[in-house]
Amino acid sequence: MTLYQAEMTVLKLMDEYSDSMPDPELMARMPELFDMVQKQLAQIQRIIRTASISAESAEYPLPADCAKVFRVWEGGELCRKWRQKGKTLLFRKAEARELEYFATPQTITEDTSDTYEFEISEEAAACMPPFVAGSLLAADMVQDGRQLMSIYSTMVAALDTGLPRSDEGGVKQTLWR
């Protein structure tokens with residue numbers, strides 16, 4: 001979903017759930033609200049990105065959008081021999097590895113293009129318009145955005161929050177193999 005599509009959906013929701021549109025000052029807050037809700041949803045349904053770690057150094061600076069390290073792979077196996085110091089990963093020796101991390105979406109501002117694609121999944125992006133419309137209506141003081149916020153909460157509760165698993169570790173059934 002693009003920013004423009006989301007903004008049009010917000011306008012439709014506001015038209016459907018309110019008697020009048022909020023003033024232009026409130027409408028100018030729309031990019032700020034989209035930024036806030038996208039970052040909230042990225043904490044609920046994580047954005048997982050990968051980065052290649054070169055074999056040149058035993059220290060690897062984390063990507064700028066890294067919120068938290070998820071997993072490190074070495075030769076197709078889960079690597080457990082690393083530690084994090086600030087925004088740097090430290091390894092015992094320099095080898096090629098693959099980093100999986102939870103990413104923070106880019107900040108949406110007034111200058112963000114209408115063609116900007118949200119970095120969260122389509123199902124998570126579909127939750128954003130009710131939140132933004134409900135927030136704008138609630139800030140208007142004349143309108144009530146509780147119904148839209150309830151829709152938002154229901155949609156967020158239905159999101160798949162599962163993380164991809166690795167087949168490494170854990171208890172394995174060996175008796176019946």
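Refer to the structure above for everything that follows.
Residues numbered from 1 in each chain as written. Predicted model: local features only at pLDDT ≥ 70, side-chain atom pairs only at ≥ 80, totals over all residues. Heavy atoms only, no water.

**Section: the overall build of the chain**
No. 1: Across its full length, the chain carries six helices and seven strands.
No. 2: Scanning the chain from its N terminus toward the C terminus, one meets helices and strands in the order α-α-α-β-β-β-β-β-β-β-α-α-α.
No. 3: Rg of the C-alpha trace for the chain: 21 Å, well past the compact-globule value of 16 Å for 177 residues, more than 25% over.
No. 4: When its C-alpha atoms are laid out on the principal axes, the chain stretches across 65 × 45 × 25 Å.
No. 5: Expressed as a percentage of its 177 residues, the buried residues of the chain come to 41%.
No. 6: For the chain, contacts bridging at least 24 residues in sequence account for 77% of all contacts bridging at least 6.
No. 7: Carbon and sulfur atoms make up 50% of the accessible area of the chain, which amounts to about 10700 Å² in all.
No. 8: Side chains of the chain carry 19 positive and 28 negative charges; the gap between the two charge centres is 16 Å. (Helix = DSSP H or I, 4+ residues; strand = E, 2+ residues; numbered from the N terminus. Rg over C-alpha atoms; globule rule 2.2 N^0.38 Å. Buried < 20%, exposed > 50% of the residue type's maximum accessible area, 1.4 Å probe, protein only. Contact = heavy atoms within 4.5 Å. Areas by Shrake-Rupley, 256 points an atom, 1.4 Å probe, with all protein chains shown as cover. Lys, Arg positive; Asp, Glu negative; His and termini not counted. Charge placed at Lys NZ, Arg CZ, Asp CG, Glu CD.)

**Focus: the sheet that holds strand β4 (residues 77–78)**
No. 1: Pairing is antiparallel in the open sheet, where four strands are placed in the order β1-β7-β3-β4. Since the sheet does not close on itself, it has two edges, and those belong to β1 (47–53) and β4, each with one partner.
No. 2: Sheet topology note: the β1/strand β7 (residues 97–103) ladder contains seven bridges and is antiparallel. Each residue of the ladder has a partner; that of isoleucine 47, found in β7, is alanine 103. (Pairing = 2+ DSSP bridges.)

**Some words on the sheet that holds strand β5 (residues 82–85)**
No. 1: An order of β2-β6-β5 is seen for the three strands of this open sheet, with the pairing classed as antiparallel. Here the strands that pair on one side only, and so sit at the sheet edges, are β2 (59–61) and β5. The average undirected angle you get between the axes of adjacent strands in this sheet is 25°.
No. 2: In terms of strand pairing, β2 meets strand β6 (residues 88–91) through three bridges, oriented antiparallel. (Axes fitted to C-alpha atoms, helices over the stretch in contact; angles between N-to-C directions.)

**Some thoughts on helix α1 (residues 3–17)**
No. 1: An ideal rise of 1.5 Å per residue puts 21 Å on 15 residues; α1 measures up with 21 Å between its terminal C-alpha atoms.
No. 2: Taken together, the buried positions of α1 are Leu3, Ala6, Glu7, Val10, Leu13 and Met14. Down the axis of α1, the sector holding all buried residues measures 120°, keeping them to one side. Looking at α1, the residues exposed on the side facing more than 90 degrees away from the buried face are Lys12, Asp15 and Glu16.
No. 3: Looking at the buried positions of α1, the neighbouring elements they touch are α2 (24–27), α3 (30–44), α5 (128–139) and α6 (146–157). (Expected span 1.5 Å × (residues − 1). Arc of directions from axis to C-beta.)

**Digging into the pattern of salt bridges**
No. 1: For the structure on display, the rule yields seven salt bridges.
No. 2: Arginine 71 is the salt-bridge partner of glutamate 100, the closest N and O atoms lying 2.7 Å from each other. One end of the pair, glutamate 100, is in strand β7; the other, arginine 71, is in strand β3 (residues 66–74), and 29 residues separate them in sequence. Each of the two residues, glutamate 100 as well as arginine 71, counts as buried.
No. 3: In this structure, lysine 93 engages glutamate 95 in a salt bridge whose closest nitrogen and oxygen atoms are separated by 3.1 Å.
No. 4: In this structure lysine 93 comes out as exposed when scored by relative accessible area, which is 52%.
No. 5: One network of salt bridges, in which partners are shared, links Arg49, Asp65 and Glu119. (Salt bridge = Lys/Arg side-chain N within 4 Å of Asp/Glu carboxyl O.)

Just distances and angles here, no functional claims.
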